[in-house]
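Residue strings, one per chain:
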Amino acid sequence: MTRKITVFFIINIFVISFYAQEYRLSGYIYDSITSNVLTGASIYIKGTSPGTVSNNNGYYSILLKDGENTIIVSYLGYKSVEKTIKTATNISMDFYLKPGVISTGEVVVSTKDPRTNIESAETGIIQLSGKEIERLPALMGEADPLRALQLNPGVQSASEGVSGYYVRGGGTDQNLILLDNATVYNPSHVLGFFSVFNTDAIRSVKLIKSGIPANYGSRLSSVIEITGKEGDFKNYSTKGSIGLISSKISSQGPVFKNNSSFLVSYRRSYIDEVLKPLIRPLVKGSSSFYNYSRYYFYDASAKLTCKINRNNKLSLTYYKGRDDYELERNQLNYKNNLNWGNMVASLNWNHIFNENWYCRNSISLSKYQFSFSAQQREIKIGLFSGIEDINYKIDFNRININGNVIRFGVDYQYHNFIPNNIDAVTSDLNLKFGANQNLYSHESAVYIANETSLTNRLKINSGLRLTGFLHVGPYEEYIRDYNNEITDTFTYKSGELIKPYFNLEPRVSLRYLLSDNSSVKASFTTSYQYIHLATASSVTLPTDIWLPSTKRIKPQKGMQISAGYFINMFENLVTGSVDIYYKDFRNQIELLYGIVNDYSDNIFEESITFGNGQSYGIELLLRKQKGKATGWLGYTLGKTTRQFNEINEGDIYPAKYDRRHDINLVLSYELNGKWTFASTFIYATGNAMTLPVGKYIIEGQVINEYGRTNSFRMPAYHRLDLSVTYLAKKTDKFESSWNFSVFNVYSRSNPFYIYFEIREDISNYYLEINAKQISLFPVMPSLTWSFRF
Amino acid sequence: MSVSININSLIYRLLRVTFFLIVASTAQFCEKELSIELPQPESKIVVEGWIEDGGYPNVILTRSAPYFSSIDSGSLRDYVVTKAKVTIVTGDQYEVLTLKPNDAYFPPYVYFGSELRGEVQGTYHLKVEFEDSDNNVYASTSIPELTEPDSVWFQLEPGSDSLGRIWIKLSDNPGENNYYRLLTRRKGKDKRYVASFKSAFSDKLFNGETIVQGFNRGLSDLLDFTRDNLFRLGDTISVKFCSLDKEHYEFWNTYQNEILLSANPFSASNARVRSNIQNGLGIWGGYAASYHTVIAKK
């Protein structure tokens, strides 16, 4: 099956079609005020369909018919431009679009042209702009791109206040998060309550959940591409907000007018300084907790952009964020410290050879570190894990004379994993444990993809990605007998090859236009993922550990088939879609005993067990992007299962994030230039979990007898949020607005986790067990003041 | 290696405290009682039985209880199994055990033998029969060769002038997999032998080597981190050092993990306590044991 499909792709990629004499028009599309490029603007020739859209750099290229052509360039939120061109050669032309004026009532928040809903061959794409995200009601006043994505069908949050997310039944590790081409490993602050991305520094967020193009790889379930905002090339401005728990500020402007710009932003929480005294009187027994704990996070980012000339553009992105938590209990002589953070840096160079050829180069660094330490009396332990990557990518785009777009490139990464480094110090001993060896690997890919319009109605995107992964030394391998006992140790030198993996990943997606306003699309994707996240807990915590594929840990393998019907109604005012999907996952991992297994006789890698998974479902989406009232309604009906030989007696069981129903309703209404109202409502089936069903006593200790794996459901999750924004002042020089948000309006106690309180005194024949549910956020109002000058 | 098992116990203690405090701190946000409808599991027969080299068989029988049921001295009676026929078979010998009260154990009723004694290399089959033969349970165990520690002693903890641990020096047999368990009993303080913290261990990482290993005192509540788990100067301690077979060891190893991990709400509960009981829960295990008396002094 796979071979036949592969052959088909190869034929398709090199398909040659013949067309009449045509010329090419290419160039950039800019915002006329800031000179920043516009991504996803649509360009088409009047009277024909379909056209094209500008790429991430604002670059477009379109074929003209012989004779006179009327070009229309449109972009949501901007005034369309119409121009008539007569040519007998290839020409280049840039367009400058003026932002639409708000008083017309044409409020547009999306960067995505509604026409792409039906015309693009990509199937499962969600794109949100910074503006769209900012309009949603925010948790404690912090607008959050990842939370906004979770309001879309097929994307679900892990649990209350957790920004780890699952896409169509895939694990949290199966999402590739790219910030200007650099990988971000842990996207969350405050144990997941906020994402690490500050909306003021973000231009757009794009999520691909099916039909992932061949230029993306290394994750099975989704790609989130976050494009950092470029600084204004003409004017200086500063923007910021002051909220209850955090504040942020960003500045942008030209370095050299019209050809280079900067944008810097900084955000810091002050839960410790501000929230503590406010909350102290409200919570019972607060003195025991708040007096001894301290928590803060910050993130900082900077982007420098330089247009060297018409054909070369350089940009440098830097991000650093950190969370720090400290807890002290004097009466127990106990002290603990938990901190984690990401650092990414990337240098991107876009080069245009001519109107048919361009390429993008990117070199980046990513670092994620987690550390935990705890001390009680003279004993101190430390736990440290992390990952460091170096990545180089080059991506070529060639637009053929017949309208085909060929894309090919190379992607290389060097990984250094620090899986779980444990240190323990007692008064006179300093010990390291067996599991502390770093794991090194090379990951690389070459790919080719082709986009062909076979007829005016049928467009095919096909691609092939060849991936390789090499686990290299230094490494110590333990040889075991049939009893799983260590009989020998084999030592590999630095750089020595231990285990290579090579795989071919064919992908295809197609679109067939049924009419001017409806289409059907289908996609088939195979992919391999060479890194794994060992999750030790029922919630996503920074303690989760990244592991590469090794001799023992095989790469994850995924396959997805997806098909959908797409329709635009009322002259592109309302877009709708119905999508179905089926996914198959191989070589999934689980930890048998959690993170704190027996350090003395277990190598960490070996407490892992392997299995498979499946998920399928249907997603419905109705969305209105224009007008005073905008918003969407999404519904997902899905099922996700797992099968591991060593779990649940080998029987299939629901994944912990198996979710039958997921409903999201997002509405926003702009009353006039001053007042905007917004609301979101979420309903989701509760997470699956394993609970003890019985108990018995051995040697005087109560032992649990567990029920079937994940056979119990937590109560359903639902929540309503409301917000109102008042634009207090707006002039060319100064803007000021107030946002009042209420999170969890009817104060639903959504479960964060469930635990059991056991009161026992076995020798006096007494035992009582009660289930307790912990919820994090009751109704939470917040007020934020934002400004710009 | 020599101290790793003790360090483990300390790590467990610290992580317990951490999770306890995280729970305690988040709990103040919003906590409520939850009534959970759990499927009522079939009540199973639970065996806690052992036979030692040179000793008579002992079997305690109970039933498993629904998770949320409260146990008090009244309802306890429902979970103690007193009307079973318990038979031990080895080779062509067998003995039917008799029920006797013994308040050193919980519950305080033990099926006890008086003829058949355990022998090294022997295999012992357990049969527990009921009126309704569907409830019958079966198990088998063996008694391996005894490995005795070279020496056993008490040593004060660094920095302490009154508290210390029991230490052993052990020469492991090369060429075979060995499984050990250590229990202690303080004269005049403990009614029976109590398992030390992480009492069961294997020679996985020290096969054929000689190790020096310290052990904390076992606690009736292993999770109570506020109480000290050390021995005091002046204690007279009887140390029971056992060799056991693989299945028997796996029960105690998973049992220890379950006790340590089950109360942690963040941990994944993929682990299950293993059992060698057919149609039931618990353990029927053979020991080869040596006894050592140690007086805690400086």
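In this numbering scheme, every chain counts its residues from 1 along its sequence in written order. Chains carry letters and ligands carry numbers; both start at the beginning, A for chains and 1 for ligands, and go up in the order they are written. Restriction of local features to residues with pLDDT of at least 70 applies here, the model being predicted, together with a cutoff of 80 or more for giving and counting side-chain atom pairs; totals for whole chains, interfaces and linings are based on all residues.

1. Observations concerning the environment of A:Gly382
Now for step 1: Secondary structure is summarised from DSSP: a helix means a run of H or I of at least four residues, a strand means a run of E of at least two, and numbering begins at the N terminus for each. Mapped onto the fold, A:Gly382 is located in strand β25 (residues 379–399).
Now for step 2: In the structure, A:Gly382 is positioned 46 residues away from A:Asn336 in sequence and 9.7 Å away in space, judged by C-alpha atoms.

2. What about the domain arrangement of chain B?
All names here are of chain B.
Now for step 1: The start and end points of each domain follow an automatic or database-based domain assignment. For chain B, the domain assignment lists domain 1 (45–142) and domain 2 (146–266 + 287–295).
Now for step 2: Relative placement of domain 1 and domain 2: their C-alpha centres are 25 Å apart.
Now for step 3: Domain 1 puts eight residues into the contact, and the matching count from domain 2 is eight residues.
Now for step 4: The set of elements that each furnish at least two residues to the side of domain 1 that touches domain 2 consists of β2 (45–52) and β10 (137–142).
Now for step 5: Residues are sorted three ways: Asp, Glu, Lys and Arg are charged, Ala, Val, Leu, Ile, Met, Phe, Trp, Tyr, Cys and Pro are nonpolar, and all the rest, Gly among them, are polar. For the side of domain 1 that touches domain 2, the residue count by class is four nonpolar, two polar and two charged. We call two residues in contact if the C-beta atoms placed from their backbones are at most 7 Å apart.

3. What to know about the environment of A:Ala300
All names here are of chain A.
Now for step 1: Structurally, the position occupied by Ala-300 is in strand β21 (residues 293–309).
Now for step 2: For the pair formed by Ala-300 and Ser-265, sequence separation is 35 residues and the distance between their alpha carbons is 5.7 Å.
Now for step 3: The contact partners of Ala-300, leaving out residues within four places of it in the chain, are Tyr-266 and Lys-320.

4. Some thoughts on the pairing of strand β42 (residues 675–684) of chain A
All names here are of chain A.
Now for step 1: Only one face of β42 is covered, namely the one carrying Thr-676, Ala-678, Thr-680, Ile-682 and Ala-684; the face carrying Trp-675, Phe-677, Ser-679, Phe-681 and Tyr-683 has none of its residues buried.
Now for step 2: When DSSP locates at least two bridges between a pair of strands, those strands are taken to pair. When strand β41 (residues 661–670) meets β42, the two strands line up antiparallel, connected through nine bridges. For Ile-663, the partnering residue across the bridge sits in β42 and is Tyr-683.
Now for step 3: Two strands pair when backbone bridges link them, and β42 and strand β47 (residues 717–730) are joined in this way by 10 bridges, in the antiparallel orientation. Pairing of Ala-678 across the sheet is with Ser-723, part of β47. Our exposure labels follow a C-beta count within 10 Å of each residue's own C-beta, placed from the backbone: buried means 20 or more other C-beta atoms, exposed means 12 or fewer, and partly exposed covers the counts in between.

5. Section: the nonpolar core
Now for step 1: Counting 66 residues, the largest nonpolar core has A:Leu149, A:Leu178 and A:Ile224 as its most contacted members.
Now for step 2: With residues near it in sequence (within four places) discarded, A:Leu178 still touches A:Thr183, A:Val223, A:Ile224, A:Glu225 and A:Ile226.
Now for step 3: Any set of buried Ala, Val, Leu, Ile, Met, Phe, Trp, Tyr and Cys residues joined through C-beta atoms within 7 Å is what this text calls a nonpolar core. A:Ile698, B:Ile51, B:Tyr180 and B:Phe251 belong to the second-largest nonpolar core, a separate cluster that totals 64 residues.

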